[in-house]
Amino acid sequence: QVQLVESGGGLVQPGGSLRLSCAASGVTGSFFTFGAMAWYRQAPGKQRESVATINAYGTTTYADSVKGRFTISRDKAKNTVYLQMNSLKPEDTAVYYCNAKWRNTYWGQGTQVTVSS
């Protein structure tokens with residue numbers, strides 16, 4: 001069974017950096033070859049939103065609010081997708097969720113990111 005497990009969340013000061021990881025288990029090589037990966041987040045009082053996506057060809061998209069600051073990438077050998085977050089702002093505070101789509105749609109459990117001084 002496919003499972004996604006996020007890690008790397010925590011408390012960071014404004015202007016700081018954090019790297020989130022999403023490890024996939026129970027997958028074959030086809031999962032990262034043909035699948036699409038994404039990071040979503042949900043802040044207090046707001047709806048869940050897509051932050052960054054990467055498709056099977058390596059093409060990436062970003063929400064306007066994070067362009068130039070966040071980078072999504074994946075390591076097929078490690079079955080892991082990453083979200084590098086730089087120049088963090090208090091408004092980036094949210095629960096971040098890993099999402100994958102290949103034959104079916106999968107979600108991680110979420111990891112809390114808090115940006116505060």
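Nothing here was measured: the structure is a model prediction, and the numbers come from that model.

A. Spotlight on the environment of Gly26. Summarising the element assignment, Gly26 is placed in the loop between strand 3 (18-25) and helix 1 (29-34). Contact partners of Gly26, with chain neighbours within four places excluded, come to Gln1 and Val2.

B. Looking closely at the packing of aromatic side chains. Tallied over the full model, the rule gives four aromatic pairs. Note on Phe34 and Trp102: the rings are 5.5 Å apart at their centroids and 25° apart in plane angle, and the pair reads as stacked. Of the two residues, Phe34 is situated in helix 1 and Trp102 in strand 9 (residues 94-102); the sequence distance between them amounts to 68 residues. With relative accessibility at 26%, the residue Trp102 sits in the partly exposed group.

C. Inspection of the sheet that holds strand 3 at higher detail. What the four strands build is an open sheet, ordered 1-3-8-7; its pairing is antiparallel. Where the open sheet ends on each side, the last strands, each with one partner, are strand 1 (3-7) and strand 7 (70-75). On average, each strand axis in the sheet is tilted by 15° relative to the strand beside it, whichever way the strands run. Across six bridges, strand 7 lies against strand 8 (residues 80-85) in antiparallel orientation. Along strand 8, the bridge assignment pairs Ser73 with Tyr82.

D. Expanded view of the environment of Ala38. The residue Ala38 is located in strand 4 (residues 36-42) in this model. Classification of Ala38 by relative accessible area gives buried; the value is 5%. Apart from the residues within four sequence positions on either side, Ala38 is in contact with Ala52, Thr53, Ile72, Tyr97, Cys98 and Asn99.

E. Representation of the nonpolar core within the structure. Trp39, Leu83, Met85 and Tyr96 are the most contacted members of the largest nonpolar core, which totals 31 residues. Secondary structure elements with two or more residues in this core: strand 3, helix 1, strand 4, strand 5 (49-54), strand 7, strand 8, strand 9 and strand 11 (111-115).

F. Fine view of the pairing of strand 11. Residue alternation in strand 11 divides its side chains into a buried set, Thr111, Val113 and Val115, and an unburied set, Gln112 and Thr114. In terms of strand pairing, strand 2 (residues 10-12) meets strand 11 through three bridges, oriented parallel. By the bridge assignment, Val12 is partnered in strand 11 with Val115. In terms of strand pairing, strand 9 meets strand 11 through three bridges, oriented antiparallel. Bridge pairing links Ala94 to Val113 in strand 11.

Definitions and limits used
Residues numbered from 1 in each chain as written. Predicted model: local features only at pLDDT ≥ 70, side-chain atom pairs only at ≥ 80, totals over all residues. Heavy atoms only, no water. Helix = DSSP H or I, 4+ residues; strand = E, 2+ residues; numbered from the N terminus. Contact = heavy atoms within 4.5 Å. Phe/Tyr/Trp six-rings, centres within 6.5 Å; stacked < 30°, edge-to-face > 60°. Buried < 20%, exposed > 50% of the residue type's maximum accessible area, 1.4 Å probe, protein only. Pairing = 2+ DSSP bridges. Axes fitted to C-alpha atoms, helices over the stretch in contact; angles between N-to-C directions. Core = buried A, V, L, I, M, F, W, Y, C linked by side-chain atoms within 4.5 Å.

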